[in-house]
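Single-letter residue listing:
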Amino acid sequence: MAGALTDKHVVLGVTGSIACYKALDLASKLMQAGALVDTIMSYGATQFVTPLAFRSITHRAVVTDSFDPDSEYSVEHVALAQQADVIVVAPATVHCIAKLALGLADDPLTTTIVAAKCPLVVAPAMDGNMYDHPATQANLATLQKRGVVIAGPGTGRLASGLTGVGRLLETPELLGHISYAIGKNGDLAGKTVVVSAGGTMEPIDPVRVITNHSSGKMGYALAEAARDRGADVVLVTAPTSLPEPALMKVVQVRTAEQMWQAIQSHLKKADALIMAAAVADYRPTEAADQKIKKADDDLSISLAKTTDILKSAKGDFVRVGFAAESQNLVENAKAKVGSKQLDLIVANDITAEGSGFGSDTNKVTLIDRELAVEELPLLSKYDVSNRILDRVKRLFRD
Ligand code: CTP
């Protein structure tokens, strides 16, 4: 399955921190995402983890800081810099960050970085006091001003046993930063895309809700794909079990009404609204304050209609809806194009194999304003997202 990292040439720089062990997981996940990974380790890094470990994961030679007269690196280091689609330093120590801020080139990693023109991601990992030091802060600010993507650090338990800022970000967050860095000048740069995701939850009482089977995967994939093409993304999401994607504005909501409020407040800037969320059409008219106790009789709950967000959202932006149908797919979806004034609808038959709730793949049919129908093959949700975004891009007026 293709993604933002497929066939991308990643140079992974590893510097001396106990968080080096996490860089092995990052290398592994980059490989699984289809990237080619060349590792460059500082001398300090080799004291924590062996080059063999990275070589075993990446199936490629590992460049180290130690002087090796037989190394081909001396002739290849400029080539490595030129081939790279992105360079990632994870973990990046205080010392390495200071060298990068100064533009020093006294080892294979810093030499490669100075010789490269591709995006650079720096993921700091250090003790909290070292991170807070004015020199470190100034150096990170210098790098950021230069366009370097600073990934983290996160907050949590540090190797010192203290809790604070300084942890290397977890692998999924690092992957998000790397994808973003590769695509930040992509074909959607300068556009704001508002995406909704997940199934809303309408409270019956403090413990019970009306909801649906939406996993949020389609909306999250769309948000990530738009980010990976350079868009500014606002993801308005009902509760899901998915981790929050990096480098976008994520607004967590629960009910249809909250989703409508959140979307409304971001519409002014929107170039596109993509409603992938499964929004409840009805909510309990009154949510009970206290837990409803079981009685001998049956219980009826009165339901009120929610706001139809797509119908109510007014403005000059591309409008994309979804239609999850279990029968008469094209016919039902076509009706929604008109009733919701859509530029595009993504119809998916939730009963088809490999499609629908919780799946990582989807087989959808795209129907535009003129009711022209394009049936897509079974694709990963990320690939489906890119096909949708290709259409959205064509709908932008400039
Ligand atoms: N939608 C919305 N607001 C709602 C309900 C749905 O904006 N209150 C959006 C969905 O996010 C989706 C599109 O409208 O993009 C179609 O949703 P769907 O549930 O298929 O259509 P409904 O209009 O609710 O019609 P029905 O449930 O009868 O099929």
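Residues numbered from 1 in each chain as written. Predicted model: local features only at pLDDT ≥ 70, side-chain atom pairs only at ≥ 80, totals over all residues. Heavy atoms only, no water.

Undergrad: Sorry, what's going on with the overall build of the protein here?
TA: When helices and strands are tallied, the protein shows 14 helices and 22 strands. Across its three principal directions, the C-alpha atoms of the protein cover 80 × 50 × 40 Å. For the protein, buried positions account for 49% of its 398 residues. Considering only intrachain contacts with a sequence separation of at least 6, the fraction spanning at least 24 residues in the protein is 66%. Taken as a whole, the protein presents about 19,200 Å² of accessible surface, with 51% of it coming from carbon and sulfur. Within the protein, one finds 40 positive and 45 negative side-chain charges whose respective centroids are separated by 4 Å. (Helix = DSSP H or I, 4+ residues; strand = E, 2+ residues; numbered from the N terminus. Buried < 20%, exposed > 50% of the residue type's maximum accessible area, 1.4 Å probe, protein only. Contact = heavy atoms within 4.5 Å. Areas by Shrake-Rupley, 256 points an atom, 1.4 Å probe, with all protein chains shown as cover. Lys, Arg positive; Asp, Glu negative; His and termini not counted. Charge placed at Lys NZ, Arg CZ, Asp CG, Glu CD.)

Undergrad: Just to check I follow, could you spell out the nonpolar core for this structure?
TA: Soluble globular proteins tend to pack their nonpolar side chains together in the buried interior. Counting residues in hydrophobic clusters, the biggest one holds 34 residues, and the most contacted among them are Leu 222, Leu 235, Ile 274, Val 320, Phe 322, Ile 388 and Val 392. Going through the elements one at a time, strand E9 (192-197), helix H10 (217-227), strand E12 (232-237), strand E14 (272-275), strand E17 (318-325), strand E18 (344-349), strand E20 (364-368) and helix H14 (381-395) are the ones with two or more residues in this core. Among the elements that line this core, the one with the most residues is H10, at six residues. Residues in contact with Ile 388, not counting those within four places in the same chain, are Met 218, Leu 222, Val 320, Phe 322, Leu 344, Val 346 and Leu 366. Counting 32 residues, the second largest nonpolar core, distinct from the first, contains Leu 26, Ala 151, Leu 168 and Leu 174. (Core = buried A, V, L, I, M, F, W, Y, C linked by side-chain atoms within 4.5 Å.)

Undergrad: Help me understand the sheet that holds E9 in this model?
TA: Note: strands within a sheet are paired through backbone hydrogen bonds, in either parallel or antiparallel orientation. Spatially, E13-E12-E9-E14-E17-E18-E20-E21 is the arrangement adopted by the eight strands of the open sheet, whose pairing is mixed. Each edge of the sheet is formed by a strand with only one pairing partner; in this case those strands are strand E13 (249-252) and strand E21 (373-375). In this sheet, neighbouring strand axes are inclined to one another by 15° on average, regardless of whether the strands run parallel or antiparallel. Inspection of the sheet shows E20 paired to E21 by three bridges, in the antiparallel sense. (Pairing = 2+ DSSP bridges. Axes fitted to C-alpha atoms, helices over the stretch in contact; angles between N-to-C directions.)

Undergrad: Sorry if this is basic, but what is going on with the sheet that holds strand E4 (residues 86-92) here?
TA: If you trace the six strands from one edge of the open sheet to the other, you get E3-E2-E1-E4-E5-E6, paired in parallel fashion. For this open sheet the edge positions go to strand E3 (62-64) and strand E6 (149-150), each flanked by a neighbour on one side alone. Note that strand E1 (residues 9-14) and strand E2 (residues 36-41) share six bridges and pair parallel. For Val 11, the partnering residue across the bridge sits in E2 and is Asp 38. Its contacts with the sheet place helix H1 (residues 20-32) against E1, E2 and E4, and it is angled at close to 175° to E1. The strands touched by helix H5 (residues 94-102) are E4 and strand E5 (120-124); relative to E4, the strand with the most contacts, the crossing angle is about 140°.

Function cannot be read off these values alone, since they describe shape.
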